There are 2 protein chains.
Amino acid sequence: MSSPQAGPPEQPARDRGLHARLLAALGPAITAGEYPPGTVLRTEELAARYEVSRTVAREAVRVLESMHLVVSRRRVGVTVLPPEQWNVYDPQVITWRLAGADRGRQLRSLTVLRSAVEPVAARLAAELATPRECAELTEHALGMVATSRGHQLENYLVHDIAFHRTVLRASRNEMFARLGDVVAAVLAGRTHHDVMFSDPRQEAVTLHVRVAEAVREKDGARAESIMRTITEDAMAELDVLAP
Amino acid sequence: MSSPQAGPPEQPARDRGLHARLLAALGPAITAGEYPPGTVLRTEELAARYEVSRTVAREAVRVLESMHLVVSRRRVGVTVLPPEQWNVYDPQVITWRLAGADRGRQLRSLTVLRSAVEPVAARLAAELATPRECAELTEHALGMVATSRGHQLENYLVHDIAFHRTVLRASRNEMFARLGDVVAAVLAGRTHHDVMFSDPRQEAVTLHVRVAEAVREKDGARAESIMRTITEDAMAELDVLAP
DNA sequence: CTAACCCCATAGGTCACATGTATTCAATAG
DNA sequence: CTATTGAATACATGTGACCTATGGGGTTAG
């Protein structure tokens, strides 16, 4: 019937535990600039404010520290670090920032990153993709075609994300593959917030189909070139939205 | 006399605290495959083995969990996750892996990432660099020239790292800027282990000087192109070393 | 003005105990 | 024999009381 992984993209129970609740409160607050760099939070105060034990507060601080959002020093407290120090590749941090105030800037940074990575990934994919991955690529490209008309944005998004994920995975580079989540977040954010109120442009859809073709024919240069057009279009869309 | 930052690349007191010692033991062990995916570690057992309190063990586990190296579930224990899930952009994880067994694979992945990112960063730098940054770039390129002969590899490395860091920073993209540490780790690893037993090739040095020129003249296309040559050379060097 | 010194606020660490929850497995029903 | 139910169990999770260590800052002595 329906494919096995057709369920909603629920997170695998990440918000379990008191400690995670604290994190879910502090992380967004810090990344949103609610606590400006230099602010000191004492663990005891945090424990009191969020009504948890000191142990839980300390665990949360440890995690924030590993993300370089804060630094914890004796006799001083937990100090919020400036944004330049943040571990901006941490999926958690990315999620928090995309949900917060400077969504725009974040989206722009990530889109530029995409424009650097995805074309190279497409070239590698053309050289290294398995037949199975080629088939997936074609399938999702055709899925995009099928859902590109008639206000089926959600279904279109699913195929779009799957397409880019497959390219990144097929590049056989773990660093690229790991950006799948980032790309998914960017595409989802774009669909759900800014642009894309109407059906996607047919040109964009066609480009995806042509990438799938190029990969299948092991034409790395062509795959790279077409993917470059796709990511440049994505950047152009952003510029139209917020100049 | 000597420049202020001439000292050894000490980490800024990251290994402070019992909790950090545990991490420094567990992280490398897991990333090196000493505990294969699926292995379960009970916190109590960890606390006993490393002679720390359960509280400390729990904090370490929390951090490892935030890096997606392990997952902690009730009634089951702390389960080691497969490498595909690891947060491979975490500087800590990168360091651990570069120190461990699959240095080679890791170095290769990172070099491919560089080849995607640095050319685009160079183009943006040419468009956006401040005069100050242009000066820094020239300074470090000349520093590379000056130290490229007579077995001054360590000094050469300092300038090489600073050069690439400046390019990434000048691109005005936080995601790119954050890769400065990664590039530094790759360059340092290359100098200290594999290749580069003799003086660097003069061609490579010249290419850096030309990138600095292109950026100063705001010629984005040229900067990108030359940087692409640099990163392609880096990949070729890797292939010569381990085919 | 500088250097040595001491105080104490705060993180760091330990322990004992209580709670909750998924897994497991056996007993029972169908 | 299979499926459902339910209790036992093992582990993480959470709490509070307590002690230790350290580094920032004020104070004093030179």
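Residues numbered from 1 in each chain as written. Chains lettered and ligands numbered in written order. Predicted model: local features only at pLDDT ≥ 70, side-chain atom pairs only at ≥ 80, totals over all residues. Heavy atoms only, no water.

**Student:** What am I meant to see in the overall build of chain A here?
**Tutor:** A count of helical and extended segments in chain A gives 11 helices and three strands. In terms of its C-alpha atoms, chain A occupies a principal-axis envelope of roughly 65 × 45 × 35 Å. Across the 243 residues of chain A, 51% fall into the buried class. Within chain A, contacts between residues separated by at least 24 positions form 67% of all contacts whose residues are at least 6 apart in sequence. Carbon and sulfur atoms make up 55% of the accessible area of chain A, which totals about 11,900 Å². Treating the 30 positive side-chain charges of chain A as one cloud and the 31 negative ones as another, the clouds have centres 6 Å apart. (Helix = DSSP H or I, 4+ residues; strand = E, 2+ residues; numbered from the N terminus. Buried < 20%, exposed > 50% of the residue type's maximum accessible area, 1.4 Å probe, protein only. Contact = heavy atoms within 4.5 Å. Areas by Shrake-Rupley, 256 points an atom, 1.4 Å probe, with all protein chains shown as cover. Lys, Arg positive; Asp, Glu negative; His and termini not counted. Charge placed at Lys NZ, Arg CZ, Asp CG, Glu CD.)

**Student:** I'm lost on the protein's contact with DNA strand C in this one. Help?
**Tutor:** The local shell around DNA strand C holds 23 residues, among which Arg-54, Arg-58 and Arg-62 of chain A together with Leu-18 and Ser-53 of chain B are the closest. For DNA strand C, the backbone portion of the atoms within 4 Å of the protein, that is sugar and phosphate, comes to 70%. The separation between a phosphate oxygen of DNA strand C and a polar main-chain atom of Leu-18 of chain B is 2.3 Å. Those elements that place two or more of their residues in the surface near DNA strand C are α3 (54-66), β2 (70-73) and β3 (77-80) of chain A together with α1 (18-31) and α3 (54-66) of chain B. Its residues assigned to classes, the surface near DNA strand C comprises five nonpolar, seven polar and 11 charged. (Near = heavy atom within 4 Å. Polar contact = N/O pair within 3.5 Å; in protein donor to acceptor, adjacent residues only side chain to side chain. Nonpolar A, V, L, I, M, F, W, Y, C, P; charged D, E, K, R; others polar.)

**Student:** Explain the interface of chain A and chain B to me, please; I cannot follow it from the model alone.
**Tutor:** A common way to state how big an interface is: give the accessible area lost once the parts meet. Opposite the 35 residues of chain A that make contact, chain B presents 35 residues. Carbon and sulfur atoms supply 56% of the area buried between chain A and chain B, which totals about 3,300 Å² over both sides. For chain A, the biggest contributors to the area lost against chain B are Tyr-89, Met-175 and Arg-178 of chain A; these three give 22% of the whole. Across the contact surface, chain A and chain B share eight salt bridges. In this structure, Glu-59 of chain B and Arg-58 of chain A form a salt bridge, with 3.1 Å as the shortest nitrogen-oxygen distance. Elements supplying a minimum of two residues to the side of chain A that touches chain B: α3, α4 (91-99), α5 (103-128) and α8 (174-177) of chain A. No other element matches α5 of chain A, which puts 10 residues into the side of chain A that touches chain B. Taken together, the residues of the side of chain A that touches chain B sort by class into 15 nonpolar, nine polar and 11 charged. (Buried area = accessible area lost by both parts, 1.4 Å probe. Salt bridge = Lys/Arg side-chain N within 4 Å of Asp/Glu carboxyl O.)

**Student:** I keep staring at the pairing of strand β2 (residues 70-73) of chain B and nothing clicks. Help me out?
**Tutor:** Within a regular strand, side chains alternate between the sheet's two faces. Residues and elements named next belong to chain B. Pairing of β2 with strand β3 (residues 77-80) involves four bridges; the strand directions are antiparallel. Each bridged residue has a counterpart across the sheet, and for Ser-72 the counterpart in β3 is Val-78. Where β2 folds back on β3, the antiparallel hairpin that results is connected by three residues, among which Arg-75 adopts a positive phi of roughly 65 degrees. (Pairing = 2+ DSSP bridges.)

**Student:** Looking at this structure, I do not really get the pairing of β3 of chain B. What am I missing?
**Tutor:** As defined by bridge partners, strand β1 (residues 40-41) of chain B adjoins β3 of chain B across two bridges and the pair is classed as antiparallel. In the strand pairing of β3 of chain B, Val-40 of chain B is matched with Thr-79 of chain B.

**Student:** What should I look at first to understand the protein's contact with DNA strand D in this one?
**Tutor:** In the region of DNA strand D, 24 residues are neighbours, and Leu-18 and Arg-74 of chain A together with Thr-43, Arg-62 and Arg-75 of chain B sit closest. In DNA strand D, atoms within 4 Å of the protein come 67% from sugar and phosphate. The side chain of Arg-74 of chain A places a nitrogen or oxygen atom 3.4 Å from a sugar or linking oxygen of DNA strand D. At 2.9 Å from a phosphate oxygen of DNA strand D is found a main-chain nitrogen or oxygen belonging to Thr-43 of chain B. Looking at the surface near DNA strand D, the elements with two or more residues in it are α1 (18-31) and α3 of chain A together with α3, β2 and β3 of chain B. Its residues assigned to classes, the surface near DNA strand D shows six nonpolar, seven polar and 11 charged.

**Student:** I keep staring at the sheet that holds β2 of chain B and nothing clicks. Help me out?
**Tutor:** Adjacent strands of a sheet pair through backbone hydrogen bonds, lying either parallel or antiparallel. Residue and element names in this part refer to chain B. Pairing in this open sheet of three strands is antiparallel, and the strands run β1-β3-β2 from one edge to the other. Of all the strands in the sheet, just β1 and β2 have a single pairing partner and so form its edges. Sitting on the sheet, α3 touches β2 and β3, and the angle it makes with β2 is about 125 degrees. (Axes fitted to C-alpha atoms, helices over the stretch in contact; angles between N-to-C directions.)

**Student:** Honestly, the domain arrangement of chain A in this entry has me stumped. Any pointers?
**Tutor:** Partitioning chain A into domains gives domain 1 (18-84) and domain 2 (102-241). Computed over C-alpha atoms, the centres of domain 1 of chain A and domain 2 of chain A are 36 Å apart. (Domains from an automatic or database assignment.)

**Student:** Would you mind going over the sheet that holds β3 of chain A with me for this structure?
**Tutor:** The three strands lie next to each other as β1-β3-β2 (chain A), forming an open sheet whose pairing is antiparallel. The open sheet is flanked by β1 (40-41) and β2 of chain A, the only strands paired with a single partner.

**Student:** Sorry, what's going on with the relation of the copies chain A and chain B here?
**Tutor:** For the pair of chain copies, the relating transformation is a rotation about an axis with a translation along it. When chain A is fitted to chain B, the residual RMSD is 0.0 Å, and the transformation amounts to a turn of 180 degrees plus an axial shift of 0.0 Å. In the structure described here, the two chain copies are related by an operation that fits a two-fold rotation axis. (Least-squares fit on C-alpha atoms with pLDDT ≥ 70 in both.)

**Student:** Got a minute to help me understand the environment of Ala-184 of chain A in this structure?
**Tutor:** Residues and elements named next belong to chain A. Positionally, Ala-184 belongs in helix α9 (residues 180-192). Considered as a pair, Ala-184 and Glu-203 are 19 residues apart in the sequence and their alpha carbons are 21 Å apart. Excluding its chain neighbours within four sequence positions, the residues that come into contact with Ala-184 are Ile-161 and Arg-165.

**Student:** Before we go on, may I ask you to explain the packing of aromatic side chains in this structure?
**Tutor:** Two aromatic rings, taken as a pair, are described by how far apart their centres are and by the angle between their planes. Inspection of every chain in the model, using the stated rule, returns one aromatic pair over all chains. Centroid distance Tyr-89 of chain A to Tyr-89 of chain B: 4.8 Å. Interplanar angle 5 degrees. Geometry classified as stacked. You can see Tyr-89 of chain A sitting in the loop between β3 and α4 and its partner Tyr-89 of chain B sitting in the loop between β3 and α4 (91-99), one on each of two chains. For the pair Tyr-89 of chain A and Tyr-89 of chain B, one class covers both residues: buried. (Phe/Tyr/Trp six-rings, centres within 6.5 Å; stacked < 30°, edge-to-face > 60°.)

**Student:** Explain α3 of chain A here, please?
**Tutor:** Given 3.6 residues per helical turn, the α-helix brings residues three or four places apart onto the same face. Over its 13 residues, α3 of chain A runs 18 Å from end to end, which matches the ideal 18 Å to within 8%, given 1.5 Å per residue. Of the positions making up α3 of chain A, those classed as buried are Val-56, Ala-57, Glu-59, Ala-60, Val-61, Val-63, Leu-64 and Ser-66 of chain A. Looking at the buried positions of α3 of chain A, the neighbouring elements they touch are α1, α2 (43-49), β2, β3 and α4 of chain A together with α3 of chain B. Directly beyond the C-terminal end of α3 of chain A, a positive phi value near 60 degrees is found at His-68 of chain A. (Expected span 1.5 Å × (residues − 1).)

**Student:** Sorry, what's going on with α5 of chain A here?
**Tutor:** Residue and element names in this part refer to chain A. The first and last C-alpha atoms of α5 sit 35 Å apart over 26 residues, in line with the 38 Å expected at 1.5 Å per residue. Bending of α5 peaks at approximately 25 degrees at the position of Ser-115, with proline Pro-119 no more than four residues after it. The buried count for α5 comes to 20 of 26 residues, which makes it a mostly enclosed element. (Bend = angle between axes of the 7 residues up to and from the residue.)

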